Each structure stands twice: as C-alpha cells, then as structure tokens.
Amino acid sequence: MTRTAFMHQLCLNFSLMPSGENNGFDEVQTVAFFSLMKKLHGACISTSYDNMDECFQYFKELILCHSVQRPPWSIELYSAVQVRAMTKYVVDTFFHHFHLYKYAFTSKMILDIKFHYDDKPQQTRELRELAVYSDNEVENSEQEVTTE
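Residues numbered from 1 in each chain as written. Predicted model: local features only at pLDDT ≥ 70, side-chain atom pairs only at ≥ 80, totals over all residues. Heavy atoms only, no water.

Caption draft 1: Region of interest: the overall build of the protein. Counting its secondary structure elements, the protein contains 7 helices and 0 strands. Across the 148 residues in the protein, those meeting the buried criterion constitute 26%. When contacts within the protein are restricted to residue pairs at least 6 apart in sequence, long-range pairs at least 24 apart make up 66% of them. (Helix = DSSP H or I, 4+ residues; strand = E, 2+ residues; numbered from the N terminus. Buried < 20%, exposed > 50% of the residue type's maximum accessible area, 1.4 Å probe, protein only. Contact = heavy atoms within 4.5 Å.)

Next comes the structure, spelled out in structure tokens:
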C-alpha cells in the first residue's frame, strides 16, 4: 500500500463513520481533518526513531489550533464534542496501528561503520598497491621456478 493509498483509506474510513459518531462534520471540517491527518502521518514517518509521544503531542497542537478562536494563530473550526470524537477516532485507528505504519512507511536506514585504531597506522592506497605488486612478483617468481 502506498502512502497515498493509506491516506485515502484512512480518510474514507472517517467519512464513512455513522453520522452520530462523526458529529455532523461539514465539508470544510472534513477537508481540514484530512489535512491534519496528512501532517500527522508526515510527522510520524519523518524519523526512524520511535516518536509516538511526540506525534500525539503534535496532533493535540493541531487540534487545539483548529478548536480555539484566536486569530491569526488559530481558528475555531471544531466544537469540543467534535474534537473529542476526532481524538477518539485517531487514537483508536492511527495510534493503535502506529508501529505498523511506522515500519511500512519510514525509509530504511543503512549504517556503514568503519573503524580506525590509533595504535595501528592506517593502510594507505600506496601501501595496498605495493602489497598487490609484491604479491604479483612472488607469483611470477614461483612460476619461473616451476617451469625450469
């Protein structure tokens, strides 16, 4: 499932909730909720570390910005009942499967470690070439001895 398909499925599930559960969201409120979910999902997969608590705090900040009238910082788009319903929905769906989404959508990190010991001199390119050259000389001299 791609990220876009996931977001479509999550939003479709929200829009198909019975009208008693979604508390009569109008079109603007529904679109705003979809945008909040997209931002939340982006915050979830922004790092490979476990950031569930930070994501929930971010979700609460986003909801607060849309449920209190304080222009220009926030706008009252949702009532307290709607905020409660949205929070319950997000906790029961998104945060319930948080680690699954995290695993499926977070980019994998590949770690390449190179050790350097201070007590040993670092082998330079010239030393490696010299070692290869001397190995070739030994092989050539062994071939000469066996042919005689």
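There's plenty left to go through after this.
Caption draft 2: How the structure looks around the packing of aromatic side chains. For the coordinates displayed, the defined rule picks out 9 aromatic pairs. Clustering of aromatic rings is evident, with ring pairs tying together Phe 56, Phe 59, Phe 94, Phe 95, Phe 98 and Tyr 101. (Phe/Tyr/Trp six-rings, centres within 6.5 Å; stacked < 30°, edge-to-face > 60°.)

Caption draft 3: Spotlight on the packing of helix α3 (residues 27–44) against helix α5 (residues 80–92). Axis separation between α3 and α5 bottoms out at 13 Å; the angle between their running directions is 40 degrees. Judged by the inter-axis angle, α3 sits oblique to α5. Of the two possible hands of crossing, α3 and α5 adopt the one that is right-handed. Contact with α3, carried on its side by Gln 29, Phe 33, Met 37 and Leu 40, involves Gln 82, Met 86, Tyr 89 and Val 90 of α5 and no other residues of that element. When grouped by side-chain class, the residues that make up the contact of α3 with α5 number 6 nonpolar, 2 polar and no charged. (Axes fitted to C-alpha atoms, helices over the stretch in contact; angles between N-to-C directions. Parallel < 35°, antiparallel > 145°, perpendicular 65-115°, else oblique. Left-handed = near helix turned anticlockwise from the far one by under 90°. Nonpolar A, V, L, I, M, F, W, Y, C, P; charged D, E, K, R; others polar.)

Caption draft 4: Quick look at helix α4 (residues 52–65). Relative to the 20 Å expected for 14 residues at 1.5 Å per residue, α4 spans 20 Å between its end C-alpha atoms, a close match to the ideal helical length. Buried within α4 we find Cys 55, Phe 59, Leu 62 and Ile 63. Each buried residue of α4 sits inside an arc of 95 degrees when the element is viewed along its axis, so together they form one side. Counted as exposed and oriented over 90 degrees from the buried face of α4: Asp 53, Glu 54 and Leu 64. In this fold, the buried residues of α4 make contact with α3, α5 and α6 (98–105). (Expected span 1.5 Å × (residues − 1). Arc of directions from axis to C-beta.)

Caption draft 5: Examining a nonpolar patch on the surface more closely. Among the surface-exposed residues, Leu 111, Ile 113 and Phe 115 lie close enough to one another that they form a single nonpolar patch of about 400 Å² accessible area. Counting through the fold element by element, Phe 115 comes out in the loop between α6 and α7 (125–147). (Patch = residues over 30% accessible without salt bridge, like charges linked within 9 Å, V, L, I, M, F, W, Y side chains within 5 Å. Areas by Shrake-Rupley, 256 points an atom, 1.4 Å probe, with all protein chains shown as cover. Salt bridge = Lys/Arg side-chain N within 4 Å of Asp/Glu carboxyl O.)

Caption draft 6: Molecular detail of the environment of Lys 39. Mapped onto the elements of the fold, Lys 39 is located in helix α3. Sequence spacing of Lys 39 and Leu 62 is 23 residues, and the spatial spacing of their C-alpha atoms is 9.0 Å. Beyond its immediate sequence surroundings of up to four residues, Lys 39 is in contact with Tyr 58 and Leu 62.

Caption draft 7: Spotlight on the packing of α4 against α5. It is the contact of α4 with α5, at a shortest axis distance of 11 Å, that shows an interaxial angle of 155 degrees. Considered as vectors, α4 and α5 are oriented roughly antiparallel to each other. The hand of the α4/α5 crossing is right-handed. Along the contact surface, α4 presents Phe 56, Phe 59 and Ile 63, while α5 presents Val 83, Met 86, Thr 87, Val 90 and Val 91. The class makeup of the residues in the contact of α4 with α5 is 7 nonpolar, 1 polar and no charged.

Caption draft 8: Inspection of α5 at higher detail. For α5, which comprises 13 residues, the first-to-last C-alpha distance of 18 Å matches the rise-based estimate of 18 Å (1.5 Å per residue) to within 8%. Gln 82, Val 83, Ala 85, Met 86, Tyr 89 and Val 90 are the residues of α5 that are buried. Burial along α5 is one-sided: seen end-on, the buried residues are contained in an arc of 165 degrees. In α5, the exposed residues that point more than 90 degrees away from the buried face are Ala 80, Arg 84 and Lys 88.

Scope: geometric values only; no functional claims are made or implied.
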